[in-house]
Amino acid sequence: MTQAVNLGFPRIGARRDLKKAVEGYWKGTLDAGQLLQTAANLRADHWRLQADAGLDCVPTGDFSFYDQVLDTTVMLGAVPERFEANEEIVSLDTYFAMARGTKDAPAMEMTKWFDTNYHYIVPEFTRNQEFHLASNKPLDEFREAKAQGHTARPVLLGPVTWLSLGKTKEAGFDPLDHLDAILPIYAQVLKALASAGAEWVQIDEPILALDLSSAQKDALQRAYARLSQAEVNLMLTPYFDRLGDNLDLALSLPVAGLHLDLVRGPSDLDAVVAAAPNKVISLGVINGRNVWRADLSSVLDWIEGPVTKLGRDRVVIAPSCSLLHTPIDLVYETKLDDELKSWLAFAKQKIEEVAVLSTALTKGRDAVSEALAASDAACKARKASPRIHNAAVHERLTNVTAKDEARATPFKDRRKLQQKKLKLPVLPTTTIGSFPQTADVRKARASFRRGDISEADYNQFLRDQTRDAIRFQEEIGVDVLVHGEFERNDMVEYFGEQLDGFAFTRNGWVQSYGSRCVKPPLIYGDVSRPEPMTVAWSQYAQSLTERPVKGMLTGPVTILQWSFVRDDQPRRDTCRQIALAIRDEVVDLEAAGIGVIQIDEPALREGLPLRTSDHAAYLDWAVTAFRLSASGIADETQIHTHMCYSEFNDIMPSIAAMDADVISIETSRSDMELLSVFADFEYPNEIGPGIWDIHSPRVPGQPEMEALLRKAVDAVGPEKLWVNPDCGLKTRGWEEVRASLTHLVNAARTLRADIKVDA
Ligand code: GLN
Ligand code: ZN
């Protein structure tokens, strides 16, 4: 028979129970016993739910109090010295200290997990590091599930991925040098799991979806030569992209099973069938990265042949990757209409789909005819639904020409016109958009949403906030002002709520990092903008001052990147539709007298595909979408863009190709290091390197900002330089903002005077 398996289940709980419990424990309102109990209850519920939904075995070890990479780090005893743990078994408090820092020891770094919006804690390596088995979590959770009557398949993060994701804290060695030191610990864990009754262990090596160095390939060979000696079958599990040119390597490893992410890499299937491997093959056909209901009949049409060739007993059906990246259960979406809901599948529904497929392969389609009919009907209805198709949007896109995707005049000529119009000083000062989203602001929004205050009262409240922000900026002497974004909950949600083709869930939370969850919008249909979205706020703010107020928009790539995107057309096409909607907004802002408009694209870099060979195509359509959004205006209108902490090295030509008149970037945390990339590239347009790290409540003094600014002047010269913070100020308090922004403006003034003297 063909088994139904899952690679991992969301751990946050249907009501974000884990978030509440963990945060309660941090605050001291919950004790360790209560926290552990909540966690055990969640695991029990999730295993029961998955077994009831038809899985033949449930994953264990996929639970985490914070992050699965940190769990692995702890399992291997790789606690950095500054946490002074010296524990045989790492305690819960040390675990949280590593994630969040203490007053004496800064937290370990966090970064994005492959191309997802999940963030993991980065392992740290030193040359003479020692490792030991320092957690019984894998074994404990396997036993726990078994005691509850489940057949379980433990999940481990594989050694080569774990090492490859880490950071060396000393020069002169490669993290992969530690492979031989950690393999015995993996072997120990596998042995314990085997003795406890595990038949299979899932060992995740998502690194196999990347371009691999020869050292990594060699490490994979050495690792699995060793680990396959365990008395348990290993299901080697890559995901997030095709195996492609790593397929031969993956097939050559002496493991009992290999998983394929057939959503991202459908072409891997034929290649594997042709190789006729002596392995169990896991077909990851249900999309673990998106929320759409699968077309089960089409999937069966596709895989039945290959399954027959591979042998039905040598195949398992699975989601493409862990379901960590999808919301938990559609049953909680009481506000979504039935039509839209019938197009969706969250984690629980995806497991049901896996089970239907495995039953169809084992017993024939007749055994699941009802489920297949329901899936057929939903997919057919979705394809035909008038809610998805907007002929006017298609027509407009067909008529877009290259002229629409570029400013009419080259930057150097636009620049002269903009200087004439805006009359800004050298080293002009500005901010990135948001001012503090204080408790008052959030309270007013919540009251308005609940209906406790009227729209008129809410708008008056927002106007007051905006006016205060404008006055403050005028008082301290900022050159290009912002309205403050008080009306916005979130930089994507705010726009999505006003665009056609978007829907919002009530409870579609997914873990972003630690206890933080996000609720991405769903883009289900053709996108268009029925009405202006931001014009009234910008216009109001501009009416309060003689100085220019910058209009503030989120760019098409970022809106795409932070949403669940429809799967029935290429991402590129959806991005272009969003770009047209933003373009309309840019044009309307200009018509309303806004002469400076910022289109934020903090997610441009993170949308980069995992494989280098796919970069160029992505960058081409992403940059073009940005330009499409930014090019419908006169030369005098100044377009800004903003990007947060990113590696810019490999994408400089694309950033230049965006052709924004001004780009602001986050640089203060790296002590202007990131700016050197722009300097070396001789970035042609204007640039505002952040000189105030807004990620901490610390108020940097004026001399400190002056020093950073001097570095910037040295790097790129004063002519094209702007002065601004690293990012928006919404997470900061007013007191810090008042002090820091005053220092920033004064730092710019001091440098301006110096530059005059020099000249
Ligand atoms: N304009 C947004 C803000 O200031 C930009 C946020 C971001 O870059 N993530 O909040
Ligand atoms: Zn930012």
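Keep in mind the model is a prediction, meaning the values are calculated, not measured.

Scoring rules and cut-offs
- Residues numbered from 1 in each chain as written.
- Chains lettered and ligands numbered in written order.
- Predicted model: local features only at pLDDT ≥ 70, side-chain atom pairs only at ≥ 80, totals over all residues.
- Heavy atoms only, no water.
- Salt bridge = Lys/Arg side-chain N within 4 Å of Asp/Glu carboxyl O.
- Helix = DSSP H or I, 4+ residues; strand = E, 2+ residues; numbered from the N terminus.
- Buried < 20%, exposed > 50% of the residue type's maximum accessible area, 1.4 Å probe, protein only.
- Expected span 1.5 Å × (residues − 1).
- Contact = heavy atoms within 4.5 Å.
- Near = heavy atom within 4 Å.
- Polar contact = N/O pair within 3.5 Å; in protein donor to acceptor, adjacent residues only side chain to side chain.
- Nonpolar A, V, L, I, M, F, W, Y, C, P; charged D, E, K, R; others polar.
- Donors = N, O, S within 2.8 Å, 3.2 Å for Na, K, Ca; no water.
- Axes fitted to C-alpha atoms, helices over the stretch in contact; angles between N-to-C directions.
- Parallel < 35°, antiparallel > 145°, perpendicular 65-115°, else oblique.
- Left-handed = near helix turned anticlockwise from the far one by under 90°.
- Core = buried A, V, L, I, M, F, W, Y, C linked by side-chain atoms within 4.5 Å.
- UniProt positions renumbered as here; feature names shortened; annotations may be inferred.
- Pairing = 2+ DSSP bridges.
- Right-handed = clockwise from strand over helix to strand, strands pointing away.
- Phe/Tyr/Trp six-rings, centres within 6.5 Å; stacked < 30°, edge-to-face > 60°.
- Lys NZ or Arg CZ within 6 Å of the ring centre and 35° of its normal.

A.B. asks: Outline the pattern of salt bridges, listing residues and values.
C.D. replies: Tallying each qualifying case throughout the model produces 52 salt bridges. Linking glutamate 23 and lysine 19 is a salt bridge whose minimum nitrogen-to-oxygen distance equals 3.3 Å. Taken together, the residues glutamate 23 and lysine 19, both in helix H1 (residues 17-27) and 4 residues apart, mark about one turn of the helix. Here lysine 19 falls in the buried class, since its relative accessible area comes to 16%. A salt bridge links glutamate 109 to lysine 167; the nearest nitrogen and oxygen atoms lie 2.5 Å apart.

A.B. asks: How would you sum up helix H23 (residues 615-630)? Please name residues and give values.
C.D. replies: The end-to-end C-alpha distance of H23 is 22 Å, a good match for the 22 Å that 16 residues give at a rise of 1.5 Å each. Judged by how many residues are buried, H23 sits mostly within the fold: 12 of 16 residues are covered. Along H23, the residues classified as buried are His615, Tyr618, Leu619, Trp621, Ala622, Val623, Thr624, Ala625, Phe626, Leu628, Ser629 and Ala630. The elements touched by buried residues of H23 are helix H21 (556-561), helix H22 (571-591), strand S20 (596-600), strand S21 (638-643) and helix H24 (652-658).

A.B. asks: Would you mind going over unusual backbone geometry in detail, with residue names and values included?
C.D. replies: Located in the positive-phi region is phenylalanine 114, a residue other than glycine, with phi close to 50°. Its place among the elements puts phenylalanine 114 in the loop between strand S3 (110-112) and strand S4 (119-121). Located in the positive-phi region is leucine 427, a residue other than glycine, with phi close to 50°. Inspection of the secondary structure puts leucine 427 in the loop between helix H16 (411-422) and helix H17 (439-450).

A.B. asks: Please provide a residue-by-residue account of the site of ligand 1, values included.
C.D. replies: Ile432, Gly433, Ser434, Glu485, Met491, Asp600, Pro602, His642, Cys644, Cys727 and Gly728 make up every residue found near ligand 1. The separation between an oxygen atom of ligand 1 and a polar side-chain atom of histidine 642 is 3.1 Å. The residue makeup of the shell around ligand 1, split by class, is 5 nonpolar, 4 polar and 2 charged.

A.B. asks: Summarise the coordination of the zinc ion (ligand 2); cite the residues concerned and give the values.
C.D. replies: The zinc ion (ligand 2) binds to the protein through His642 (NE2), Cys644 (SG) and Cys727 (SG); the donor distances cover 2.0 to 2.2 Å. The motif formed by the donor residues of the zinc ion (ligand 2), counted along the single chain, is H-x1-C-x82-C. Of this pair, histidine 642 sits in strand S21 while cysteine 727 sits in the loop between helix H26 (702-716) and helix H27 (734-758), placing them 85 residues apart in sequence. An identical accessibility class is assigned to histidine 642 and cysteine 727; each is buried.

A.B. asks: Residue-level account of the packing of helix H5 (residues 137-147) against helix H7 (residues 179-195), with values.
C.D. replies: Between H5 and H7, the shortest axis-to-axis distance is 9 Å and the interhelical angle comes to 15°. One way to sum up the angle between H5 and H7 is to call them roughly parallel. You can see that H5 and H7 cross each other, and the crossing is right-handed. The segment H5 lies against H7, with Pro138, Leu139 and Phe142 engaging Val189, Ala192 and Leu193. Class assignment for the residues of the contact of H5 with H7 results in 6 nonpolar, no polar and no charged.

A.B. asks: Explain the nonpolar core residue by residue, including any values.
C.D. replies: Trp113, Trp162, Tyr224 and Leu283 are the most contacted members of the largest nonpolar core, which totals 101 residues. For this core, the leading source of residues is H7, giving 9 residues. When sequence neighbours within four positions are dropped, the list of residues in contact with tyrosine 224 reads Gly158, Pro159, Ile203, Glu205, Leu234, Leu236, Leu253, Pro254 and Val255. Ranked by size, the runner-up nonpolar core spans 97 residues in total, among them Ala579, Ala581, Ile599 and Ile755.

A.B. asks: Tell me about the UniProt feature "binding site: L-homocysteine" (unreviewed entry) in the protein, residues and numbers included.
C.D. replies: Mapped onto the present numbering, the UniProt feature "binding site: L-homocysteine" (unreviewed entry) falls at Ile432, Gly433, Ser434, Glu485 and Asp600. The greatest C-alpha distance among the residues just named is 13.0 Å, despite their covering 169 residues of sequence, which places them together in space. What makes serine 434 buried here is its relative accessible area of 6%. Leaving out residues up to four positions away in the same chain, serine 434 has contacts with Gly484, Glu485, Gly728, Leu729 and Lys730. Residue position: glutamate 485 is located in the loop between strand S13 (481-482) and helix H19 (493-496). Those residues in contact with glutamate 485 that lie beyond four places of it in its chain are Ile432, Gly433, Ser434, Gln437 and Met552.

A.B. asks: Quick rundown of the pairing of strand S10 (residues 257-261)? Include the residues and the values.
C.D. replies: Judged by how many residues are buried, S10 sits mostly within the fold: 5 of 5 residues are covered. Alternating residues of S10 divide into Gly257, His259 and Asp261 and Leu258 and Leu260, and every residue in both groups is buried. Bridging between strand S9 (residues 233-237) and S10 involves 2 bridges; their strand directions are parallel. Within the sheet, the bridge partner assigned to methionine 235 lies in S10 and is glycine 257. What joins S9 to S10 is helix H9 (residues 247-252), and the crossover it makes is right-handed. Alignment of S10 against strand S11 (residues 280-286), held across 5 bridges, turns out to be parallel. Bridge pairing in S11 links leucine 258 to isoleucine 281. In this fold, S10 hands off to helix H10 (residues 268-275), which returns the chain to S11; that crossover is right-handed.

A.B. asks: A description of the sheet that holds strand S1 (residues 3-4) should follow, citing residues and the corresponding values.
C.D. replies: As summarised here, the arrangement of the 8 strands in space is S1-S12-S11-S10-S9-S8-S6-S2, forming an open sheet in which the pairing is parallel. At either margin of the open sheet sits one strand with a lone partner, and together these are S1 and strand S2 (58-60). Where S1 and strand S12 (residues 315-319) come together, 2 bridges link them in parallel fashion. What sits directly across from glutamine 3, in S12, is valine 316.

A.B. asks: Tell me about the UniProt feature "binding site: 5-methyltetrahydropteroyltri-L-glutamate" (unreviewed entry) in the protein, and please be specific about residues and values.
C.D. replies: Residues given the UniProt feature "binding site: 5-methyltetrahydropteroyltri-L-glutamate" (unreviewed entry) here are Lys19, Lys112, Asn117, Arg516, Cys517, Trp562 and Glu606. Sequence-wise these annotated residues cover 588 residues; spatially they are dispersed, their C-alpha atoms as much as 25.5 Å apart. Looking at where asparagine 117 falls in the secondary structure, it is placed in the loop between S3 and S4. With relative accessibility at 29%, the residue asparagine 117 sits in the partly exposed group.

A.B. asks: Before we move on, could you go through the packing of helix H11 (residues 296-310) against helix H14 (residues 369-384) and cite the residues and values that matter?
C.D. replies: For any two helices packed against each other, one specifies the crossing angle of their axes together with the interaxial distance. Running from N to C, H11 and H14 point in directions that differ by 110°, and their axes come no closer than 7 Å. Here H14 runs roughly perpendicular to H11, going by the angle between their axes. Residues Leu296, Ser297 and Leu300 of H11 pack against Leu372, Ser375 and Asp376 of H14. The residue makeup of the contact of H11 with H14, split by class, is 3 nonpolar, 2 polar and 1 charged.

A.B. asks: Describe the packing of aromatic side chains, with residues and values.
C.D. replies: The description of an aromatic ring pair rests on the distance of the ring centres and on the angle between the ring planes. Inspection of the entire model under this criterion finds 22 aromatic pairs. Both rings, one in phenylalanine 65 and one in phenylalanine 96, keep their centres 6.2 Å apart while their planes meet at 75°; by these two values the pair is edge-to-face. In this pair, phenylalanine 65 is assigned in the loop between S2 and helix H3 (68-75) and phenylalanine 96 in helix H4 (residues 92-100), connecting sequence segments 31 residues apart. Between phenylalanine 472 and tryptophan 734 the ring centres are 5.6 Å apart and the planes differ by 90°, which places this aromatic pair in the edge-to-face class. Here phenylalanine 472, found in helix H18 (residues 455-476), pairs with tryptophan 734, found in helix H27; they are 262 residues apart in sequence, far enough to count as distant. Pair check on accessibility: phenylalanine 472 and tryptophan 734 agree, each one buried. Among the aromatic residues, those joined into a ring-pair cluster are Tyr25, Trp26, Phe63, Phe65, Tyr66, Tyr95 and Phe96. The side chain of arginine 16 reaches across the aromatic face of tryptophan 509, ending 3.7 Å from its centre. Seen from the ring of tryptophan 292, arginine 382 lies directly overhead, with NZ or CZ sitting 4.3 Å from the centre.

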